[in-house]
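Structural overview for review
Listed below, chain by chain, are the residues.
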Amino acid sequence: MARFTIATTADVPHEGCGCSVEIAGKIFAVFRQGDEFFVVDNVCSHRAAPLHESGCENFQITCPWHGAKFDVRTGEHLNPPASTGILSYPVLLVGEEIQIEM
């Protein structure tokens, strides 16, 4: 596994805020809930909507196109129209750097 710095805490400054990051052709969404940071694939499993556009509330991401919800901690889908989850990645906070392992 390789570790990547994909953002800094300044890139996601507010509660519920999300941002999109592309590394090696893969697009991730980074979200902040309180002092915790979460990283998931930035593509809804239903119709490939960019999930970072919706933000995050109560550990839930809501797809901006059709309203599917996902748990930002696990990637689990919580309601239709999505029938499968999205990938989530373990986050390591190193100083101000938000890192994941892949």
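Structure first, text after, so check above.
Residues numbered from 1 in each chain as written. Predicted model: local features only at pLDDT ≥ 70, side-chain atom pairs only at ≥ 80, totals over all residues. Heavy atoms only, no water.

1. Here we look at the pairing of strand E11 (residues 97-101)
- For strand E1 (residues 3-8) and E11, the ladder comprises five bridges, and the chain directions are antiparallel. Opposite Thr5, over in E11, you have Gln99 as the bridge partner.
- When strand E10 (residues 91-94) meets E11, the two strands line up antiparallel, connected through four bridges. Residue Val94 lies in a different strand from E11, and its bridge partner there is Glu97.
- In this antiparallel pair of consecutive strands, E10 and E11, the connection spans two residues, and Gly95 shows a positive phi of 65°. (Pairing = 2+ DSSP bridges. Helix = DSSP H or I, 4+ residues; strand = E, 2+ residues; numbered from the N terminus.)

2. Here's the deal with the side chain of Gln99
- Secondary-structure assignment places Gln99 in strand E11.
- For Gln99, a relative accessible area of 8% translates into the label buried.
- One polar contact links Gln99 to Thr5, side chain to side chain, over a distance of 3.2 Å.
- Apart from residues no more than four positions distant in its own chain, Gln99 is found in contact with Arg3, Phe4, Thr5, Pro90, Val91, Leu92 and Val94. (Buried < 20%, exposed > 50% of the residue type's maximum accessible area, 1.4 Å probe, protein only. Polar contact = N/O pair within 3.5 Å; in protein donor to acceptor, adjacent residues only side chain to side chain. Contact = heavy atoms within 4.5 Å.)

3. Details of the sheet that holds strand E8 (residues 77-79)
- Taken together, the four strands give an open sheet; going across it, the order is E5-E6-E7-E8, and neighbouring strands pair in antiparallel fashion. Sheet topology places strand E5 (56-57) and E8 at the edges, where each strand pairs with a single neighbour.
- In terms of strand pairing, E5 meets strand E6 (residues 60-62) through two bridges, oriented antiparallel. Its bridge partner lying in E6, Glu57 is registered against Gln60.

4. Notes on the environment of Glu96
- Tracing the chain through its elements places Glu96 in the loop between E10 and E11.
- Accessibility expressed as a relative area gives 54% for Glu96, which makes it exposed.
- As a C-alpha pair, Glu96 and Glu57 span 39 residues in sequence and 22 Å in three-dimensional space.
- Not counting residues up to four positions away in its chain, the partners in contact with Glu96 are Ala7, Thr8 and Thr9.
- Side chain to side chain, Glu96 and Thr9 meet in a polar contact 2.3 Å long.

5. Notes on the nonpolar core
- By size, the foremost hydrophobic cluster in this structure holds 15 residues, and its most contacted members are Phe31, Val40, Cys44, Leu51, Ile61, Phe70 and Val72.
- Secondary-structure elements contributing two or more residues to this core are strand E3 (26-33) and strand E4 (36-41).
- Excluding residues that lie within four positions of it along the chain, Val40 makes contacts with Phe28, Ala29, Phe31, Ile61, Val72, Ile86, Leu87, Ser88 and Tyr89.
- Of all hydrophobic cores here, the second largest spans 13 residues; its members include Phe28, Val30, Val39 and Ile98. (Core = buried A, V, L, I, M, F, W, Y, C linked by side-chain atoms within 4.5 Å.)

6. Looking at the environment of Pro64
- Its location among the elements puts Pro64 in the loop between E6 and strand E7 (69-71).
- Owing to a relative accessible area of 36%, Pro64 belongs among the partly exposed residues under this scheme.
- Measuring from C-alpha to C-alpha, the distance between Pro64 and His52 comes to 8.8 Å, with 12 residues separating the pair along the chain.
- When neighbours within four sequence positions are excluded, Pro64 is seen to be in contact with Ala49, Pro50, Leu51, Glu53 and Ser54.

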